[in-house]
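Summary of structural features
Below, each chain spelled out in residue letters.
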Amino acid sequence: MTEIKSHNQYIMNNNIKITYPGSEKVYMPGTIYPELRVGMRRVNLTPTVVIEKGEKIMTENAPVYVYDTSGPYSDPAVDIDLQKGLPKLRQPWIDKRQTGDTQMALAKRGIITQEMEYVAIRENMNCAELGIDTYITPEFVRSEVAAGRAVIPANVNHPEAEPMIIGTNFLVKINTNIGNSHQNSSIEEEVEKAVWSCKWGGDTLMDLSTGTNIHETREWILRNCPVPVGTVPMYQAFEKVNGKAEDLTWEIFRDTLIEQCEQGVDYFTIHCGIRLKNVPLSQGRLTGMVSRGGSIISKWCKVHQKESFLYEHFDDICDICAKYDVAISLGDGLRPGSTFDANDAAQFAELDTMGELVERAWEKNVQAFIEGPGHVPMHKIKANMDRQIEKCHGAPFYTLGPLVTDIAPAYDHITSAIGASMIGWYGTAMLCYVTPKEHLALPNKDDVRTGVVTYKIAAHAADLAKGHPGATIRDNALSKARYDFRWKDQFHLALDPEKALEYYKTSNRTEGEFCTMCGPNFCAARISHSLKDCEK
Ligand code: SF4
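Below is a short write-up of the structure. (Residues numbered from 1 in each chain as written. Predicted model: local features only at pLDDT ≥ 70, side-chain atom pairs only at ≥ 80, totals over all residues. Heavy atoms only, no water.)

1. Observations concerning unusual backbone geometry
Of note, the amide linkage connecting P373 to G374 takes the cis form, showing an omega dihedral of 15°. Within the secondary structure, G374 is located in the loop between β13 (368-372) and α15 (381-391). Cis rather than trans, the peptide bond between G401 and P402 has omega equal to 10°. When you line up the elements, P402 lands in the loop between β14 (397-400) and α16 (412-426). Despite not being glycine, M125 shows a phi value in the positive range, around 55°. Note that M125 resides in the loop between α4 (114-124) and α5 (127-130). With relative accessibility at 14%, the residue M125 sits in the buried group. We note that Q305 has phi near 50°; this positive angle belongs to a residue other than glycine. Checked against the element boundaries, Q305 lands in the loop between α11 (292-304) and α12 (309-312). (Helix = DSSP H or I, 4+ residues; strand = E, 2+ residues; numbered from the N terminus. Buried < 20%, exposed > 50% of the residue type's maximum accessible area, 1.4 Å probe, protein only.)

Written out as structure tokens, the structure is:
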């Protein structure tokens, strides 16, 4: 890696560590692989205090374990050196495998890998200790990966990433998009945004850089990223032909794929589902094509009047991905860009092609998932999920929102989180975040935080509705803390503790048994507590 300007690097190394108030980093060991150390965050709570007959009675509250995406950044025992990169957690496991031993290949051979046990522990947290039944065993993870219903994105050249799983039967995951453009941002900013995303709970990260230093930016992100990293390789290939779609060739694209596989990218969005015959279907739309990758390859098809090289060379793409265990995210190049275009013939024709391709990927032991819309009004969302299940054989669905209305630029993190919550509940495995800057500008650090937290809400709401084992623990603990007026515990359990505290402090001076929202006399919680005294 070339050096990040030394002064900036000094500042970043010293400030990039992550802390969470009231929490500590803990690790859980494996059973099949006792050497595993699965990182999680334990939020330590204060006791509930009640006064009875003038006496203070304290009851302990159990700590709450929280799924933790912050990796070594939140471990005080780990020194972070961005120039060196993070510790290579998976390297010893990878070293014992053969080329082509993808997670899917191993799963089909009946082998439970270290990654599979790791994700089983990670999904369950301390459910066993709490006596909560869970179906997520290492064997269940293996069977889901073998069947293609779940993906563990894990390039052999990205050993720094902590294993995680994407599938309907697991916690709903969220993806953060970062990356520079020609107009904006630097390597330092992108690395900062990557770590920032992990702090707030981003499960995977897509580097969508289209500006200068694409390779270098990606290298810095990969070496310092504890979560899987995805890209759209077409962007870099397009840069290589100076933005002239017609000059793209399979060879240029293939070489770009290999370059990114070697670097350690964990999953590729590739718009293989666009067929020459389907391109005209988007012409009658209100908003044409809104996918960058989709529009580039469609233009290539039209200019050359040929089937796309992404479709024609799909088996070659799979061979490359299998060698490194890179997952394919079948890109939705024809996704609707407006609620008017939702669920139209172009969108569904592409989805049907993806269903055909995903089986071909599985034949080569390549893990794969399917990308989805986009813009879809609420009453048309379920049809998307139903059709995906029907046509794509249970492969995980990964959607961008969807935005349920188009009238709120600057608030599209909200318009899309509504759709994301719904589709997550119906079965979508991963939600691609949207920030308030969607359609307007490249997101900055603050937008990344807002986007990630908004999508954590959508994903968690879906987990609750789906009944994921242990999903209610944090909700119940926070509700109890609120009712007990344990303000600090409430903040520490919140998705964004800092913002909650900041808002509280705007008008509350002490931690009393009410807040300024209703005031002391109208505080319903306080009155509700006093009901008990009336009974005595
Ligand atoms: S004052 Fe109102 S909002 Fe504040 S704690 Fe009491 S009931 Fe809740």
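2. What to know about empty space enclosed by the protein
Taken as a whole, this structure holds three cavities of 30 Å³ or more when the rule is applied. Empty space within the largest cavity amounts to approximately 80 Å³. Considering the residues around the largest cavity, the lining is formed by D332, R335, P336, Q347, E350, L351, M354, E371, G372, P373, N384 and F397. Of all elements in the fold, only α14 (345-363) and β13 reach the threshold of two or more residues within the lining of the largest cavity. Of all the elements, α14 adds the most residues to the lining of the largest cavity, at four residues. (1 Å grid on protein atoms, 1.4 Å probe; cavity = no way out; pocket = protein on both sides within 12 Å on 5 of 7 lines; lining within 4 Å. Points joined across faces, edges and corners; volume = space filled by probe spheres on them.)

3. With respect to the sheet that holds β14
The strand order β8-β9-β10-β11-β12-β13-β14-β15 describes a closed barrel built from eight strands, whose pairing is parallel. Each strand axis lies, on average, 25° off the axis of its neighbour in the sheet, ignoring direction. Note that strand β12 (residues 327-330) and β13 share three bridges and pair parallel. Paired with L330 across the two strands is I370, which belongs to β13. (Pairing = 2+ DSSP bridges. Axes fitted to C-alpha atoms, helices over the stretch in contact; angles between N-to-C directions.)

4. Notes on the packing of helix α7 (residues 187-200) against helix α17 (residues 445-466)
Packing of α7 against α17 brings their axes to within 9 Å, and their N-to-C directions diverge by 30°. Considered as vectors, α7 and α17 are oriented roughly parallel to each other. As α7 runs across α17, the sense of the crossing is right-handed. Facing α7, whose interface residues are E192, K193, W196, S197 and W200, α17 presents K445, D446, V448, R449, V452, V453 and K456. (Parallel < 35°, antiparallel > 145°, perpendicular 65-115°, else oblique. Left-handed = near helix turned anticlockwise from the far one by under 90°. Contact = heavy atoms within 4.5 Å.)

5. Regarding the sheet that holds strand β5 (residues 64-66)
Pairing is antiparallel in the open sheet, where three strands are placed in the order β1-β2-β5. Sheet topology places β1 (23-28) and β5 at the edges, where each strand pairs with a single neighbour. Averaged over all pairs of adjacent strands, the angle between strand axes in this sheet comes to 40°, irrespective of strand direction. Pairing analysis gives three bridges linking strand β2 (residues 38-43) to β5, with the strands arranged antiparallel. Across the sheet, the residue bridging to V43 is V64, located in β5.

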